[in-house]
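Architecture and fold: a report
One letter stands for each residue in the lines below.
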Amino acid sequence: ASEQAQKTAELESAVAQLKTDLEAAQSAAAEKDQAIARVTELEASVSALQQAKEEAEEKLQQQVAAAVGDETEARVASLQEQIDAKDLEVFELNARIKEAEANAKVAQDKAAELDEKLSSASFAQDELEALTAAQEEAATKLQDANDEVSRLRSTVDEQQATIAELESKLADIGDVDPELQQAADANAERVAELEAEVTTLRELQSSAPASPLKTSGARSPRRSVGGAPSPRRPASPKYKPAKGDSVDLAVAKIANELKVSGGVKRVKQNKYQFFGQDGVVHIRTVGNVVMARVGGGWQDLREYLKAHDPSRTATKNMK
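Residues numbered from 1 in each chain as written. Predicted model: local features only at pLDDT ≥ 70, side-chain atom pairs only at ≥ 80, totals over all residues. Heavy atoms only, no water.

Observations regarding the packing of aromatic side chains
In plain terms, the rule: The rule is short: rings of Phe, Tyr and Trp, with Trp giving its six-membered ring, pair when the centres are within 6.5 Å, and they are stacked under 30 degrees, edge-to-face over 60, tilted in between. Type-normalised accessible area, obtained with a 1.4 Å probe on protein chains alone, sets the label of each residue: buried when under 20%, exposed when over 50%, and partly exposed for intermediate values. Whether a charge sits over a ring depends on NZ of Lys or CZ of Arg being within 6 Å of the ring centre and within 35 degrees of the ring normal.
Evaluated as defined, the whole model comprises 3 aromatic pairs. Where Y272 meets F274, the ring centres are 6.2 Å apart and the plane angle is 20 degrees; that geometry is what we call stacked. As far as the burial class goes, Y272 and F274 line up, both buried. Between F274 and F275, the ring centres sit 6.1 Å apart and the planes meet at 50 degrees, which makes this aromatic pair tilted. In terms of burial, F274 and F275 fall into one category: buried. One aromatic cluster is present, formed by Y272, F274, F275 and Y304 through successive ring pairs. Its guanidinium or amino end placed over the ring of W298, R284 lies 4.1 Å from that ring's centre, counting from NZ or CZ.

Structure (structure tokens):
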């Protein structure tokens, strides 16, 4: 009987616990239903607010569009055109950059090739210096010979003019005057002597070395693309400045140092012709610098002569 009572009590306790758990579950379910209802209400509120927002934005856009009008649209179109133009400029600049990079690569490869050729070439420095000195000495002698030839030719012309004048006088007189005949003979002899000197100087000029001879360690003459030697600059007579003219003295110094082809001609004070050309160049000095008038500005005379000397230009084109 006691065991039966104990089991009854345990069952009653379990039933009571189940009732308590059932009540708690029912309470939780009620709270869940309330929460679901609250969420539904909030979602409805959010949806209403979102719809109101969209309606407000649409109304605002309509108001802005109405306020902006055609003027803003035209400005936007203009800005877009400017943007397109800038995009085109950027495209062109990128194309130029690529072209410049390609040119730089070609120049770099050429420089590397030249460095390799220079590094592989061997020179006998002492012999090269000696040959260079000999060439300069020969060029100086050749220049002196040219000057002497010019002087002798001028003298020959003067003597021939004198002979012609004497012969004219003889023709007018009819009878040969002994003194005039003697003067004519003397001048004829002098002309013969001068012509002999000219012939000798021409032979000296033709036999003068044009460039140093090749040796075992010396560099061979530079050759053009076709294989022929590069043309040598023609010898130019030294320019003699006028006394007392500081500008002319400065011009002569620079022109003779650079050995200007075609020579220099002083047209009048501060006016010169170079390279045997007809163009007249205005020269002035600023301190110790000699300047040449070029277009609307001035350029250093030394740089001007280097840039415009036809023989230098031809040599550069052959390289």
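Examining unusual backbone geometry
Stated formally: Each helix corresponds to a stretch of at least 4 residues labelled H or I by DSSP, and each strand to a stretch of at least 2 residues labelled E; elements are numbered beginning at the N terminus.
With a phi angle near 55 degrees, K259 is a residue other than glycine that sits in the positive phi range. The topology assignment puts K259 in the loop between α4 (246–258) and β1 (264–268). Even without a glycine there, the phi angle at N270 is positive, about 70 degrees. Tracing the chain through its elements places N270 in the loop between β1 and β2 (271–274).

With respect to the nonpolar core
Quick reminder of the rule: Throughout this description, the term nonpolar core refers to a set of buried Ala, Val, Leu, Ile, Met, Phe, Trp, Tyr and Cys residues connected via side-chain atoms within 4.5 Å. Here, residues are in contact when the closest pair of their heavy atoms is within 4.5 Å.
Ranked by internal contacts, the top residues of the largest apolar core, which has 20 residues, are V251, Y272, F274, I283, L301 and L305. Elements with a contribution of two residues or more to this core: α4, β2, β3 (281–286), β4 (289–294) and α5 (301–308). Considering each element in turn, this core owes the most residues, 7 residues, to α4. In contact with I283, not counting residues within four places along its chain, are V247, V251, N270, Y272, F274, V290, M291, A292 and L301. In terms of nonpolar packing, the next biggest core, distinct from the first, is built from 5 residues, A145, V149, L152 and L194 among them.

Some points on the side chain of D309
This is how the line gets drawn: The definition of a polar contact used here is a pair of N or O atoms within 3.5 Å, where within protein one atom must be able to donate a hydrogen and the other to accept one, and adjacent residues in sequence count solely through side-chain atom pairs.
Take D309: it is sitting in the loop between α5 and α6 (310–318). In terms of polar contacts, D309 uses its side chain to reach the side chain of S261, at 2.4 Å.

Some remarks on the pattern of salt bridges
For the record, the criterion: The term salt bridge refers to a side-chain nitrogen of Lys or Arg lying within 4 Å of a carboxyl oxygen of Asp or Glu.
As enumerated under the stated definition, the model contains 6 salt bridges in all. One salt bridge connects E41 with R38, and the closest N-O pair in it is separated by 3.4 Å. Of this pair, E41 and R38 are both found in helix α1 (residues 2–120), 3 residues apart, which corresponds to roughly one turn of the helix. Owing to a relative accessible area of 48%, R38 belongs among the partly exposed residues under this scheme. Salt-bridge contacts for E89 lead to K86; the nearest nitrogen and oxygen are separated by 3.9 Å. Taken together, the residues E89 and K86, both in helix α1 and 3 residues apart, mark about one turn of the helix. On the basis of relative accessible area, E89 is assigned to the partly exposed category, the value being 41%.

Some details on the sheet that holds β4
Selection rule: Here, a strand pair is defined by DSSP locating no fewer than two bridges between the strands. Only the contacting stretch of a helix is used when fitting its axis, a line to C-alpha atoms as for every element, and angles between N-to-C directions run 0 to 180 degrees.
Ordered by their spatial adjacency, 5 strands build an open sheet running β1-β2-β3-β4-β5, and the pairing between neighbours is antiparallel. The sheet is open, and its two borders are formed by β1 and β5 (297–300), each paired with just one other strand. Here the strands of the sheet are splayed against their neighbours by 40 degrees on average, with no regard to which way each runs. Note that β2 and β3 share 2 bridges and pair antiparallel. Among the inter-strand pairings, K271 is bridged to a residue of β3, identified as H282. Against the sheet, α4 contacts β1, β2, β3 and β4, and its axis sits at roughly 15 degrees relative to β2. Each of β2, β3, β4 and β5 touches α5; the most contacted strand, β5, lies at about 85 degrees to it.

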